[in-house]
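Chains, contacts and geometry: an overview
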There are 2 protein chains.
Amino acid sequence: MKIDLTPYDPKRRYLIGVSGGRDSVALLHLLLEAGCKRLIVCHLDHHLRGRASRADAAFVERLAKRHGLEMVTGRADVTAIAKKKRISIETAAREARYDFFAATARGKKCRTLFLAHHADDQVETFLFNLFRGAGAAGLGAMRPETRRKINGVELLILRPLLGVWRTEIDAYIAAQRMKFREDATNAGTIPLRNRMRHEIIPALEKWFGREIRKSVWRTAEILTAENDWLAGMIPAPACELSVAELRKMPVARQRRVIHAWLKLMKAPDAGFDEIESVRSLLPESAKAAKVNLPGDLHARRRAKKIFMESGK
Amino acid sequence: MKIDLTPYDPKRRYLIGVSGGRDSVALLHLLLEAGCKRLIVCHLDHHLRGRASRADAAFVERLAKRHGLEMVTGRADVTAIAKKKRISIETAAREARYDFFAATARGKKCRTLFLAHHADDQVETFLFNLFRGAGAAGLGAMRPETRRKINGVELLILRPLLGVWRTEIDAYIAAQRMKFREDATNAGTIPLRNRMRHEIIPALEKWFGREIRKSVWRTAEILTAENDWLAGMIPAPACELSVAELRKMPVARQRRVIHAWLKLMKAPDAGFDEIESVRSLLPESAKAAKVNLPGDLHARRRAKKIFMESGK
């Protein structure tokens, strides 16, 4: 397996998310092999698999104990959260997980978190976001190192397996005769995710050949880096947009500036359609000086500025 | 149908590619309706459908005649070209088509070409390139207006239907009771293209819902604009690359600069792997000062420069 853990000082403390599935068990062992002894094992029981969920938690607890590692277990009724917030199970599970990681980071005073996402996860996430419509600011592929602020906690998330394929992890697990919990991964509990893994990608491979995973992975890698580059070129937005300045920009830059502005203005949606709506105010020949946005907001052009109004 | 032909002066001469299929027949009628009278109908017989190919050509000839339009017919044995050049039928067909358009543009002294690609074509092309691995410089989505130099001829290619869906074209064709040649589109003769249209996208729609086409279309639109923006930021490459300058750049910019340099150096491949190979020379800690590239080329780092060597 091509995985380089040398950048990470083994004497430091790290959080690691462990579902009990093969990926996180493999990552835990790799970190132990690399000499990391002060790992804090974080396990969230999602309440999604009934009795099996509790058995997953018990398995991870034994694993942590055997290696003399600290362990934090959290519980979240993801189905109930999804229902209450009217979001998908997938979104609710992810939010619950990150809430849990942030709370644990705060409690343990440890801000670096290892996660076991691998190359196949990257491919699945990329296609998932592409088909569902990921919006205007990138296809949200994962990064090997990323900083993320959650509930006021600044987390550094490390994903050293992001270039490693599931088959390589399987081979490692088999060679080391490691135990793990089948289907304990969170992705496995999400129907559309499962379908992506077990139906959609295999069907695409049948049609296009085995290389499609690599093609998609490479594209995700290229676009993620380009997204970071572009994001770094967009200054913090002001409350008003200058029409003259926007007109001088390439379309892609206009879109990103407007996206940042919509976020600043707390527009409930800041997707492609909303951005294009605001862009329609730019041409000299624009028919309207006002466009409606979700949440009773309007973007209005007046005196060479675009600003936000609210109320009907 | 949302299509704006007002930017195009109807008094000017234009080439238009007409296969005889519904898309190009619809575009021809839309241009005629918009008052364009000096259209030059360009039809390439691909020799891919036997007798039907000749019937397509005859159909387009009658159509041109009925509207009093100039017509140029070309012939290319695409299967033979593909075999000889060892390229796919799809690539051979595209090359033959553009060679034909370029030759016609030169012969008729007319450099603007209308093509009937529509929103579904855009989605299919995007997915096709994604799954096949489109390389480092964008996913090659089509643009509504693009300049392209072919065999020394600078063509301006216009695709006014790029935002129009196949179903909308079908409805227009039905409402106007237009005749067209079933399956005359070039895409229809390419097995993997056909499969994309008739199996893969319908399967994805079944899994993800009807919106996937729109999601992919939007992504193609966003990424195309971002690609243009980024391409505009890369200066013309020199024969040597400065290691210090490259190191200061974001990864995505390094990749584009190296891509342009590989092209300048006539490297036979300038894909992701070759680019990453050259990038591996950049770190202070780089193990090697030389990497092999296809075509007996080597990129070598010496005295803070990267340059190309050839020969074994």
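Each remark here, short or long, concerns the structure printed above.
Scope of this entry: the structure provided in the associated data block.

Moving on, we get to the overall build of chain A. For chain A, the helix and strand inventory stands at 11 helices and 10 strands. With the C-alpha coordinates of chain A rotated into their principal frame, the extents come out at 70 × 45 × 40 Å. Across the 312 residues in chain A, those meeting the buried criterion constitute 51%. Taking all contacts inside chain A whose residues are at least 6 apart in sequence as the whole, residues at least 24 apart take part in 66%. Carbon and sulfur atoms make up 49% of the accessible area of chain A, which totals about 15,300 Å². Here chain A holds 58 positive side-chain charges and 36 negative ones, and the gap between their average locations is 4 Å.

A few words now on the interface of chain B and chain A. One frequent convention defines the size of an interface as the accessible area lost when the parts assemble. Between chain B and chain A, the contact holds 42 residues from the first and 42 residues from the second. When chain B packs against chain A, close to 3,700 Å² is buried across both sides, 77% of that on carbon and sulfur atoms. Scanning the region where chain B abuts chain A turns up 4 salt bridges. For the salt bridge of Arg256 of chain B with Glu226 of chain A, the shortest nitrogen-to-oxygen distance reads 2.7 Å.

Okay, the pairing of strand β8 (residues 290-293) of chain B next. Walk down a regular strand and you will see the side chains alternate between the two sheet faces. Residue and element names in this part refer to chain B. Alternating residues of β8 divide into Val291 and Leu293, all buried, and Lys290 and Asn292, none buried. With 4 bridges joining them, β8 and strand β9 (residues 297-302) adopt antiparallel strand pairing. Across the sheet, the residue bridging to Val291 is Ala299, located in β9.

Our focus in this paragraph is the environment of Glu70 of chain B. Residues and elements named next belong to chain B. Counting through the fold element by element, Glu70 comes out in strand β3 (residues 70-75). Not counting chain neighbours up to four residues away, the residues in contact with Glu70 comprise Arg13, Leu39, Ile40, Val41 and Lys108. Within polar-contact distance, the side chain of Glu70 engages the side chain of Lys108 at 2.5 Å.

Now for the pattern of salt bridges. Taken as a whole, this structure holds 38 salt bridges over all chains when the rule is applied. A salt bridge links Arg197 of chain A to Glu124 of chain A, with the shortest nitrogen-to-oxygen separation between them at 2.9 Å. In this pair, Arg197 of chain A is assigned in helix α7 (residues 191-208) and Glu124 of chain A in helix α5 (residues 119-132), connecting sequence segments 73 residues apart. Residue Arg197 of chain A is classed as buried on the basis of its relative accessible area, which comes to 15%. A salt bridge links Glu276 of chain B to Arg279 of chain B, with the nearest nitrogen and oxygen atoms 3.0 Å apart. On the criterion of helical spacing, the pair formed by Glu276 of chain B and Arg279 of chain B is a turn pair, its members being 3 residues apart in helix α11 (residues 272-279). With a relative accessible area of 21%, Glu276 of chain B lands in the partly exposed category. Several salt bridges share partner residues, and in doing so they unite Asp121, Glu124, Arg166 and Arg197 of chain A into one network.

Before going further, it helps to examine the sheet that holds strand β2 (residues 39-45) of chain B. Residues and elements named next belong to chain B. Ordered in space as β3-β2-β1-β4-β6-β5, the 6 strands form an open sheet in which the pairing is mixed. Where the open sheet ends on each side, the last strands, each with one partner, are β3 and β5 (145-150). Averaged over all pairs of adjacent strands, the angle between strand axes in this sheet comes to 30 degrees, irrespective of strand direction. As paired strands, strand β1 (residues 14-17) and β2 are joined by 4 bridges and run parallel to one another. The residue of β2 that forms the bridge with Leu15 is Ile40. The sheet strands contacting helix α1 (residues 22-33) are β1, β2 and β4 (112-114), and the helix crosses β1 at an angle near 155 degrees. Across the sheet, helix α2 (residues 51-66) touches β2 and β3, and the angle it forms with β2 is around 170 degrees.

This brings us to the relation of the copies chain B and chain A. When chain B is fitted onto chain A, the two copies agree to an RMSD of 0.1 Å after a turn of 180 degrees and an axial shift of 0.0 Å. The transformation relating the two chain copies, once decomposed into turn and shift, fits a two-fold axis. Both copies share a contact surface, since 100% of the interface residues of chain B are interface residues in chain A too.

Moving on to the sheet that holds β9 of chain B. Residues and elements named next belong to chain B. Pairing in this open sheet of 4 strands is antiparallel, and the strands run β7-β10-β9-β8 from one edge to the other. Each edge of the open sheet carries a strand with a single partner, namely β7 (241-242) and β8. Together, β7, β8, β9 and β10 (305-310) form the strand contacts of helix α10 (residues 251-264), whose direction differs from that of β10 by roughly 30 degrees. With respect to the sheet, α11 is in contact with β8, β9 and β10, its orientation differing from that of β8 by roughly 165 degrees.

So, about the packing of helix α5 (residues 119-132) of chain B against helix α7 (residues 191-208) of chain B. All names here are of chain B. At a minimum axis distance of 11 Å, the contact between α5 and α7 shows a crossing angle of 95 degrees. Accordingly, the angle class assigned to the pair α5 and α7 is roughly perpendicular. In this structure, α5 uses Asp121, Val123, Glu124, Thr125, Leu127, Phe128, Phe131 and Arg132 to contact α7, whose residues at the interface are Leu192, Arg193, Met196, Arg197, Ile201 and Leu204. By residue class, the composition of the contact of α5 with α7 is 8 nonpolar, 1 polar and 5 charged.

Turning next to the packing of α5 of chain A against helix α8 (residues 212-232) of chain A. Residues and elements named next belong to chain A. Here α5 crosses α8 at 75 degrees, and the two axes come no closer than 9 Å. Taken together, α5 and α8 sit at an angle that is classed as roughly perpendicular. Contacts from Ala119, Asp120, Gln122, Val123, Phe126 and Leu127 of α5 reach α8 at Arg213, Val216, Trp217, Thr219, Ala220 and Leu223. The residue inventory of the contact of α5 with α8, partitioned by class, reads 8 nonpolar, 2 polar and 2 charged.

Once that is clear, we can look at unusual backbone geometry. If you check the backbone angles, Lys304 of chain A has positive phi at about 65 degrees while not being a glycine. Among the secondary structure elements, Lys304 of chain A is positioned in the loop between β9 (297-302) and β10 (305-310). You can call Lys304 of chain A exposed: its relative accessible area is 67%. We note that Ala303 of chain B has phi near 50 degrees; this positive angle belongs to a residue other than glycine. When you line up the elements, Ala303 of chain B lands in the loop between β9 and β10. Of the residues examined, Ala303 of chain B reaches a relative accessible area of 68% and is grouped as exposed.

So, how was this worked out
Residues numbered from 1 in each chain as written. Chains lettered and ligands numbered in written order. Predicted model: local features only at pLDDT ≥ 70, side-chain atom pairs only at ≥ 80, totals over all residues. Heavy atoms only, no water. Helix = DSSP H or I, 4+ residues; strand = E, 2+ residues; numbered from the N terminus. Buried < 20%, exposed > 50% of the residue type's maximum accessible area, 1.4 Å probe, protein only. Contact = heavy atoms within 4.5 Å. Areas by Shrake-Rupley, 256 points an atom, 1.4 Å probe, with all protein chains shown as cover. Lys, Arg positive; Asp, Glu negative; His and termini not counted. Charge placed at Lys NZ, Arg CZ, Asp CG, Glu CD. Buried area = accessible area lost by both parts, 1.4 Å probe. Salt bridge = Lys/Arg side-chain N within 4 Å of Asp/Glu carboxyl O. Pairing = 2+ DSSP bridges. Polar contact = N/O pair within 3.5 Å; in protein donor to acceptor, adjacent residues only side chain to side chain. Axes fitted to C-alpha atoms, helices over the stretch in contact; angles between N-to-C directions. Least-squares fit on C-alpha atoms with pLDDT ≥ 70 in both. Parallel < 35°, antiparallel > 145°, perpendicular 65-115°, else oblique. Nonpolar A, V, L, I, M, F, W, Y, C, P; charged D, E, K, R; others polar.

Any functional reading would require information that these geometric values do not contain.
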